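Summary of structural features
Below, each chain spelled out in residue letters.
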Amino acid sequence: MSALLELVERFLLWWSLLFRNERRLALDTNREERRAIRRDAHDDDERFRVEMARRRGRPHLVLGRSDETPYALTIEQLRGTHTHLVAQPGAGKSRLLVGILFQLIRLVWTTDTSGAVTLVDAKGETVALLMRALAELLSTLPAREADRLASRIVSVRPFTGSHLVPLALFAREPSVDLLAQGRVTLETVERASGAAVGIRQAGAGTMAFATLIAAAVSPVEWPFVMRDGSAMRALAEGIDEPRLRAYFRSGDYDRESRTTVWGLIARLEMILSIAPIRAMLVGSGGFSFGRAFEPGMVTLVALDGAPAGAQSVAEALGALITTRLAWAAFDTGNRPRADTIVLGFDELASIGVPSVVEAVERVLTTGRSFGLSLISAAQFANQIAALDHLFAANVHRRVFGRSSVREIEHAASEWLPVTGTEPKQRRPGDAPRPIEFMSEAEEIRSWTRRISRLPVRSFLVGDRTAPFRSRLVEAPAVDPPAWDVLPARVRDLVARGGFGVLRAELLRHLHVVETAAADRVGATTTGPRETRGNFEMPDLARRRATRPRRRDVP
């Protein structure tokens, strides 16, 4: 019996020693793995702090603060690179976009940095916020300096602005093929009407619009001239473009049915039916889009406030302005150009017609050699399906705010800071054991849940060119004074800019031009109208035409 008890005691002693060794080994392993995890995190933080200190020694922008360290971006790093901001409404992406652009404008205006900023906003809120920030800046400057800087502002707000900017919207672009320009004009007219053109209308419209653009005919007169085949043929004869001359000499345009030509005119008049747009097109000395990229220029395009039923016209106008801006950005003529050119877009998808897709594709793929930087803010990572692969391949910086899980997962594999060293969480009271790490899929899910719950103005910034991993930053607050609180003189400076004309004055000029054009073609300003007593209605029952009585409704 004593031998059996001695054997049991030895077994228990052996077992306790073995358990203590495993426990000690587990604790030692935990300590070493924790040290490795802390060392890896410390090394990444140190690389971030060193890089930020280096950047702050040069002209730079601040995207936000990460652990009390400003996240800086130098002008050299911004030039020729592209940034995509993705967040839900209300997460602060528009204010972050305004903060980036305003910092660049302030650097350009107050230092020797050579830059130009353009912002196209379909909703108008982002442009309004940037205008308030500019007005606040101008209010702190002497009057002469404020006037000088305001002369570099171009504020294109056709539906809401107190001033209108005459635009050379249909002017000849030397760097673009003439027929390509005619095709883009046709796409704009098609988008404004919401009705697709047929094959015959597409051919006739491209040739007609290209001819009118090359002949520098005022857009107000286009509907009148397009009705007259002989007038179009005479215009084509004076153009140094053999394809246009051959088309009109062959009589193809004359053989087009009235339905084809009048269908094109009806679509064109969808744009021309809005008086502010017509006024901007007939203003003398229209703003040339190449001037938007001169050093110090700030071009703001807001498309909000369109009349009821004219939203498609606003989108078509935004698409044409965007295309013209992209064409001018690649024109390396004799005009002075800024070294850093930033094209900002808020909700680019609202104007994503084929011509805009082509223009943005060119900016993404070849803009680097021209100093072009695209900064796009959107609610969705794949805002335009045709550009999704190009954004994935050419965007250097992704900024994620609070977004849906699906949107985050769309770009999670590259931009989320997945390290493979993230430990699994343990419940209180679990026995010590070697640390278990999350798998890549588990870590992605963890980051996805975290980003989907981010507070306002918090963003995950990922940069392909940075020597550190993606960082969570808190963007600076951008809250300039309300527009009505700012001085009236400063508000007028920003609204007028260097090219604006009072809306009422430009509308009066439009009336004079339209009256003269109508007199030349022998028509009224509203176009020819037939009275009820001068046409015949077909009587489908008796297969003959009858003249309606005065009280009949045709």
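I will try to describe carefully the structure that is included in this document. Note that the structure is predicted; figures quoted are calculated from it, not measured. (Residues numbered from 1 in each chain as written. Predicted model: local features only at pLDDT ≥ 70, side-chain atom pairs only at ≥ 80, totals over all residues. Heavy atoms only, no water.)

**Section: the nonpolar core**
One finds L167, L169, M226 and I321 to be the most contacted residues of the largest nonpolar core, which totals 92 residues. The dominant element in this core, judged by the number of residues it contributes, is helix 14 (residues 311-329), at 11 residues. The residues touching I321, leaving out its near neighbours within four places in the chain, are V156, L167, L169, F289 and V301. Of all hydrophobic cores here, the second largest spans 56 residues; its members include L104, L149, I375 and A377. (Core = buried A, V, L, I, M, F, W, Y, C linked by side-chain atoms within 4.5 Å. Buried < 20%, exposed > 50% of the residue type's maximum accessible area, 1.4 Å probe, protein only. Helix = DSSP H or I, 4+ residues; strand = E, 2+ residues; numbered from the N terminus. Contact = heavy atoms within 4.5 Å.)

**Some words on the side chain of R471**
Position of R471 among the secondary structure elements: in strand 12 (residues 471-474). We classify R471 as buried; its relative accessible area is 7%. Within the structure, R471 has its side chain in polar contact with the side chain of S66 (distance 3.4 Å). For R471, the contacting residues outside a window of four places in its chain are D44, D45, F48, S66, D67, Y71, F459, L460 and V461. (Polar contact = N/O pair within 3.5 Å; in protein donor to acceptor, adjacent residues only side chain to side chain.)

**Some details on helix 9 (residues 229-237)**
Looking at helix 9, one finds that the buried residues are G229, M232 and A236. Axial view of helix 9: buried residues confined to an arc of 65 degrees, hence all on one face. Where helix 9 is buried, its residues contact helix 7 (199-214), helix 8 (222-226), helix 10 (242-249) and helix 11 (252-255). (Arc of directions from axis to C-beta.)

**Remarks on the packing of aromatic side chains**
The relative placement of two aromatic rings is captured by the distance of their centres and the angle of their planes. All chains considered together, the criterion is met by 10 aromatic pairs. Ring geometry for F209 against W222: centres 5.7 Å apart, planes inclined by 25 degrees, an arrangement best described as stacked. Linking F209 in helix 7 with W222 in helix 8, this pair joins segments that are 13 residues apart in sequence. Take W222: its relative accessible area is 0%, and that puts it in the buried class. Their ring planes at 65 degrees and their centres at 4.9 Å tell us that F287 and F499 sit as a pair that is edge-to-face. Here F287, found in the loop between helix 13 (275-282) and strand 7 (298-302), pairs with F499, found in the loop between helix 20 (488-496) and strand 13 (501-502); they are 212 residues apart in sequence, far enough to count as distant. (Phe/Tyr/Trp six-rings, centres within 6.5 Å; stacked < 30°, edge-to-face > 60°.)

All we've got here are geometric facts, nothing functional implied.
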